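# Structural description and commentary
One letter stands for each residue in the lines below.
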Amino acid sequence: MCLNRNETAPNPSHFEESEEAVAAPAHREIAWNDYRDLIKGMRFFDPHIHMVSRTTDDYQAMHQAGIVALIEPAFWLGQPRTGLSSFKDYYSSLVGWERFRSSQFGIKHYCTMGLNSREANNEPLAEQVMEILPLYIYKEGVVGVGEIGFDDQTPAEEKYYRLQLELAKEAKLPVQIHTPHRDKKKGTERSMAIALEHGLDPSWVIVDHNNEETVKSVLDQGFWAAFTIYPFTKMGNERMVKVVEQYGPERIMVNSAADWGISDPLAIPKTAALMKMRGISAETIRLVTYQNAIDAFGKSGQIDVSDFESASSIDQTEKFHGNSILRGGQQPAPAKDSLVIQ
């Protein structure tokens, strides 16, 4: 879709430039492959990544870079869903095919379930979605209600945000908040105030997509502060290093939120490598790229680290409802560094 500069896209997304956008730094490019050895042997947990938008090549690269587990939040798909059945199919895929696909590359897949803020503005459909959400939030591997919150900060968004906070309280699940791309500080403060108004313990709430403008207030009020390393529109990893240097690792976590936009599923290992280059301790890196996510979402009772801290065999010939990740006579895990594709 082509837009003039004065036009507004009907569905802003994770990759849109926002008021908080920061220009790319003008310095020498650092080659990732030159620094992979810095993170050798480290484990990473990505607590916000939209794998339904990614390829199996991404899964392979993530596994090779040390990502052992992830959380896939429910979100919108680039265009509005038009009926309840499309929500059912999507939610089912998060606890079904996508979880299976992730396992075939040695990565433990969890998810959060919710009605995203963009589609909360379609109230007739939102009402129907709220009726079926309880069917999904209690399923195995669902570690929270999310990502929910504000986008355009409309009355409808607030209505369904409040309803889902109550749903999370009832289900005893953590909440994963999406903070808006526009007017972020106001939206972040409003999100936290409403959560406190509903009686949520802030240690059960992960406030996502933070930046330098919001982090202090989030931490001061006792919430978890998640940072999305997303090119040009949210946080670069050089800025992330400075945040950790200033605030330390307590209640801070890093994610990629990689989706169908210009994003990087290796954002966490790359950030870890940069932190190590800049002299941040191994323990601090472990906390913000691995342990803090486990502690925050582990309140769900759904995360068992033994599922991903010990290596397990992978059989890529396994099938899910008769379907596998292999096609035709494909062999498992082809060599990606070979010029010849066999």
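Reading guide: rules and limits
Residues numbered from 1 in each chain as written. Predicted model: local features only at pLDDT ≥ 70, side-chain atom pairs only at ≥ 80, totals over all residues. Heavy atoms only, no water. Buried < 20%, exposed > 50% of the residue type's maximum accessible area, 1.4 Å probe, protein only. Helix = DSSP H or I, 4+ residues; strand = E, 2+ residues; numbered from the N terminus. Pairing = 2+ DSSP bridges. Axes fitted to C-alpha atoms, helices over the stretch in contact; angles between N-to-C directions. Parallel < 35°, antiparallel > 145°, perpendicular 65-115°, else oblique. Left-handed = near helix turned anticlockwise from the far one by under 90°. Contact = heavy atoms within 4.5 Å. Nonpolar A, V, L, I, M, F, W, Y, C, P; charged D, E, K, R; others polar. 1 Å grid on protein atoms, 1.4 Å probe; cavity = no way out; pocket = protein on both sides within 12 Å on 5 of 7 lines; lining within 4 Å. Points joined across faces, edges and corners; volume = space filled by probe spheres on them. pLDDT = per-residue confidence, 0-100. Salt bridge = Lys/Arg side-chain N within 4 Å of Asp/Glu carboxyl O. Phe/Tyr/Trp six-rings, centres within 6.5 Å; stacked < 30°, edge-to-face > 60°.

Walk down a regular strand and you will see the side chains alternate between the two sheet faces. The alternating pattern of strand β8 (residues 252-255) places I252 and V254 and M253 and N255 on opposite faces, both of which are buried. Sheet topology places strand β7 (residues 224-228) next to β8; four bridges connect them, and they run parallel. Along β8, the bridge assignment pairs A225 with I252.

Here we come to the packing of helix α8 (residues 237-247) against helix α9 (residues 267-277). Where α8 contacts α9, the axes come no closer than 9 Å and their chain directions differ by 55°. The orientation of α8 with respect to α9, classified from their angle, is oblique. Of the two possible hands of crossing, α8 and α9 adopt the one that is right-handed. Together, N237, E238, M240, V241 and V244 of α8 and K270, T271, L274 and M275 of α9 make up the contact between the two elements.

This paragraph deals with the packing of helix α4 (residues 123-137) against helix α5 (residues 155-171). Running from N to C, α4 and α5 point in directions that differ by 15°, and their axes come no closer than 11 Å. One way to sum up the angle between α4 and α5 is to call them roughly parallel. Here the hand of the crossing between α4 and α5 comes out right-handed. Taking contact as the criterion, the partners of E123, A126, E127, M130, L133, P134 and I137 in α4 are, on α5, A156, K159, Y160, L163, Q164, L167 and A171. Looking at the contact of α4 with α5, its residues break down into 10 nonpolar, one polar and three charged.

With that settled, consider the layout of surface pockets. By volume, the second largest pocket amounts to about 580 Å³. For the second largest pocket, the lining is made up of 28 residues, of which H63, V68, G106, I107 and F308 are closest to its centre. When contributions to the lining of the second largest pocket are tallied by element, the ones reaching two or more residues are α1 (56-64), α3 (97-103) and β3 (108-113). Here the lining of the second largest pocket is built from residues that sort into eight nonpolar, 11 polar and nine charged.

The next point concerns the confidence of the model for the chain. Confidence along the chain averages 87 in pLDDT terms, with 83% of residues attaining 70 or more. Here residues 1-27 scores under 50 on pLDDT; set against residues more than four positions off or in separate chains, the count is 54 contacts.

Applying the stated criterion across every chain yields a total of 18 salt bridges. Put simply, R54 and D58 hold a salt bridge, and the shortest N to O gap is 3.0 Å. Comparing R54 with D58 shows no difference in burial state: the two are buried. One salt bridge in this structure joins E212 and R239, with 2.7 Å as the shortest N-O distance. Separated by 27 residues along the polypeptide, E212 in the loop between β6 (205-207) and α7 (215-220) and R239 in helix α8 bring together distant segments of the chain. Taking relative accessible area as the criterion, E212 reaches 39% and is therefore assigned partly exposed. Judged by its relative accessible area of 19%, R239 is buried. Sharing partners across several salt bridges, the network here consists of R118, D151, D152 and R182.

Quick look at the sheet that holds β8 now. A sheet is described by the order of its strands in space; here eight strands give the open sequence β1-β2-β3-β4-β5-β6-β7-β8, paired in parallel fashion. For this open sheet the edge positions go to β1 (44-46) and β8, each flanked by a neighbour on one side alone. Across the sheet, the axes of successive neighbouring strands diverge by a mean angle of 25°, strand direction being ignored. For β1 and strand β2 (residues 67-73), the ladder comprises three bridges, and the chain directions are parallel. Paired with D46 across the bridge in β2 is L70.

Along an α-helix, a turn takes 3.6 residues, which lines up residues three or four apart on a common side. Of all 11 residues making up α9, eight are buried, and the element is well covered by its neighbours. Contact partners of the buried residues in α9: β1, β2, α8, β8 and α10 (282-297). Phi turns positive one or two residues past the end of α9, at G279, with a value near 85°.

Quick look at the packing of aromatic side chains now. Here the distance between the centres and the angle between the planes together describe a pair of aromatic rings. Applying the stated criterion across every chain, the model contains 11 aromatic pairs. Measuring from centroid to centroid gives 5.3 Å for Y91 and Y136, while their planes differ by 55°, and the two rings are tilted. A residue pair is termed long-range when its members are at least 10 positions apart, and Y91 in helix α2 (residues 84-95) and Y136 in helix α4 qualify at 45 residues. By relative accessible area, which is 1% here, Y91 ends up buried.

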